[in-house]
Amino acid sequence: MIRKLAYAALATGLFFGAAQAQEGMIDALRQPTLGALKGKKVVFVPMSMSFDLPEGWAAIMKKEATRLGYELDIRDANWSTDTGTRALTQAITEKPDLIIVQNFDVASYARTLKKAEDAGIKVVQVNMKSSYQTDAFVGADWYGIGEYAANRMVEQCGKDSGKSGKIALIQGPATAAASVYQLNAITETLKDHSDIEIVSSQTGDWDQSKARGIAQTVIQQHPDLCGIIGFWDAMDAGTGAAIKESGKDIYLITSGGGNKTACQGVENGTFNEVVSYDVEGQGRDLNNTIKVLLQSPEPAGTLKFALYTPNKIISKETMSPTSCWDLDLLKK
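Here we summarise the structure given alongside this text. (Residues numbered from 1 in each chain as written. Predicted model: local features only at pLDDT ≥ 70, side-chain atom pairs only at ≥ 80, totals over all residues. Heavy atoms only, no water.)

1. What about the packing of aromatic side chains?
Okay, so step 1: Overall, the coordinates contain six aromatic pairs when judged by the stated rule.
Okay, so step 2: With centroids separated by 6.1 Å and ring planes inclined at 75°, the aromatic side chains of Phe104 and Tyr109 adopt a geometry described as edge-to-face. Of the two residues, Phe104 and Tyr109, neither departs from the other in class, the shared state being buried.
Okay, so step 3: With centroids separated by 5.7 Å and ring planes inclined at 55°, the aromatic side chains of Phe137 and Tyr308 adopt a geometry described as tilted. Of this pair, Phe137 sits in strand 5 (residues 136-140) while Tyr308 sits in strand 11 (residues 305-309), placing them 171 residues apart in sequence.
Okay, so step 4: Taking relative accessible area as the criterion, Tyr308 reaches 41% and is therefore assigned partly exposed.
Okay, so step 5: What links up through ring pairs into an aromatic cluster is the set Phe51, Trp79, Trp206 and Trp232.
Okay, so step 6: For the cation-ring pair, Lys129 lies above Phe137, with the distance from its terminal atom to the ring centre recorded as 5.0 Å.
Okay, so step 7: Here Lys129 stacks its cationic end above the ring of Tyr181, 5.6 Å away from the centre of that ring. (Phe/Tyr/Trp six-rings, centres within 6.5 Å; stacked < 30°, edge-to-face > 60°. Buried < 20%, exposed > 50% of the residue type's maximum accessible area, 1.4 Å probe, protein only. Helix = DSSP H or I, 4+ residues; strand = E, 2+ residues; numbered from the N terminus. Lys NZ or Arg CZ within 6 Å of the ring centre and 35° of its normal.)

Here you go:
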């Protein structure tokens, strides 16, 4: 009797197994996931849509929004914190499901971001942090970039190099996250290296012409300058131009989103190294963060997490055909 029951169970299992093989299985998670995203509204407030980073992020986010059926609305701050604050304030009154913001500095939007979360709106900060931590941060590891650049200067300009050990820093705005966190990392990394002397640390304010003028002056004042750490490659095109004009061998490390101009700058000798925080990778991380937060039942301000971009080093030794990205290709 037991043997007959076992045969019957086996036959039943084989029958249902054959039926599943013919008809497949339902993915019970797919439809709830798509339903949680469809029809939602995401507002993106960048510093400006006039340069490569926000353009790249927007191109990548738009594709996913279109694919999954949610709306991406871009409110351009156009290099003005006042305009950006008004855009955020207006968005809060409209109550979108999610706001993505690129901060100008660590302070300007802090209160407004808290107001957004208090109003039940989830907030993602991209690349430039505020002092107020929202649901998520996606972007560059500024401390890691500064630490890497400082260590490279020790190798290039320190006691074992036979060079002067003199270096200069050209920062962005003094209160920008990219400046304050990198500066802290450089200071911490170099505090035990008496062979490295920072002879100048000035703010270039993301301006190519200003960076060029600073570099020209520092090179004149310190003819034996060994290296410069710049804080953004678009600005440091001016720094590199000043180095070329001087005819001196000064090692320039900068950082940026990895646009094709970064690779071109390394190829033509404007930069010795670019630490790329890889806009393509950041776009993927942004899309994943959007999907997680839109699906999460947790209230705004509950989740606090960060996705730091792995650094990609672009130099003549490391450069490959995939080291940099092209905006025209991202938009396709």
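Structure shown, so let's carry the discussion forward.
2. Observations concerning the sheet that holds strand 7 (residues 197-203)
Okay, so step 1: Strand order in this open sheet of six strands is 7-6-8-9-10-12, and the pairing throughout is mixed. Looking at the sheet topology across the chains shown, the edges are occupied by strand 7 and strand 12 (312-314). For this sheet, the mean angle separating the axes of adjacent strands, direction not counted, is 15°.
Okay, so step 2: Two strands pair when backbone bridges link them, and strand 10 (residues 273-276) and strand 12 are joined in this way by three bridges, in the antiparallel orientation. Opposite Val274, over in strand 12, you have Ile314 as the bridge partner. (Pairing = 2+ DSSP bridges. Axes fitted to C-alpha atoms, helices over the stretch in contact; angles between N-to-C directions.)

3. A short note on the sheet that holds strand 4 (residues 122-126)
Okay, so step 1: Spatially, 2-1-3-4-5-11 is the arrangement adopted by the six strands of the open sheet, whose pairing is parallel. A single partner strand is all that each edge strand has here, and the edge strands are strand 2 (71-74) and strand 11. Geometrically, the sheet is characterised by an average inter-axis angle of 15° between neighbouring strands, direction not taken into account.
Okay, so step 2: Together, strand 3 (98-101) and strand 4 form the strand contacts of helix 5 (residues 110-118), whose direction differs from that of strand 4 by roughly 145°. (Contact = heavy atoms within 4.5 Å.)

4. A look at the pattern of salt bridges
Okay, so step 1: All told, the structure shown has 16 salt bridges when counted by the stated rule.
Okay, so step 2: In this structure, Lys41 and Asp73 form a salt bridge, with 4.0 Å as the shortest nitrogen-oxygen distance. Here Asp73 lies in strand 2 and Lys41 lies in strand 1 (residues 41-45), a separation of 32 residues in the sequence.
Okay, so step 3: With relative accessibility at 23%, the residue Lys41 sits in the partly exposed group.
Okay, so step 4: Between Glu117 and Lys304 there is a salt bridge; the shortest N-O distance is 3.5 Å. On the criterion of sequence distance, the pair formed by Glu117 in helix 5 and Lys304 in the loop between helix 11 (279-295) and strand 11 is long-range, its members being 187 residues apart. (Salt bridge = Lys/Arg side-chain N within 4 Å of Asp/Glu carboxyl O.)

5. Some thoughts on the state of the cysteines
Okay, so step 1: By the definition in use, this model includes two disulfides.
Okay, so step 2: Between the sulfur of Cys157 and that of Cys226 lies a disulfide, 2.0 Å long from S to S. For the disulfide bridge between Cys157 and Cys226, the dihedral angle about the S-S bond is near -90°, and by the sign convention the bridge is left-handed. Of this pair, Cys157 sits in helix 6 (residues 142-157) while Cys226 sits in the loop between helix 8 (208-221) and strand 8 (227-230), placing them 69 residues apart in sequence.
Okay, so step 3: Cys263 shares a disulfide with Cys324; S-S distance 2.0 Å. (Disulfide = S-S within 2.5 Å.)

6. A closer look at the pairing of strand 4
Okay, so step 1: Of all five residues in strand 4, five are buried; the element is thus mostly enclosed.
Okay, so step 2: Here strand 4 shows a buried face lined by Lys122, Val124 and Val126 and a second buried face lined by Val123 and Gln125.
Okay, so step 3: In this structure, strand 3 lies alongside strand 4, joined through four bridges in parallel fashion. Looking at the pairing, Leu98 lines up with Lys122 of strand 4.
Okay, so step 4: Read from strand 3 through helix 5 to strand 4, the crossover connection turns out right-handed.
Okay, so step 5: When strand 4 meets strand 5, the two strands line up parallel, connected through three bridges. Looking at strand 5, one finds that Val126 is bridged to Val138. (Right-handed = clockwise from strand over helix to strand, strands pointing away.)

7. Structural notes on the packing of helix 8 against helix 9 (residues 233-246)
Okay, so step 1: The geometry of helix 8 relative to helix 9 is characterised by a closest axis approach of 7 Å and an angle of 35° between their N-to-C directions. In terms of crossing hand, the pair formed by helix 8 and helix 9 is right-handed. Side by side, helix 8 and helix 9 meet where Gln208, Ala211, Arg212, Ala215, Gln216 and Ile219 of the first sit next to Ala234, Met235, Ala237, Gly238, Thr239, Ala241, Ala242, Ile243, Glu245 and Ser246 of the second.
Okay, so step 2: Among the residues forming the contact of helix 8 with helix 9, the class breakdown is nine nonpolar, five polar and two charged. (Left-handed = near helix turned anticlockwise from the far one by under 90°. Nonpolar A, V, L, I, M, F, W, Y, C, P; charged D, E, K, R; others polar.)

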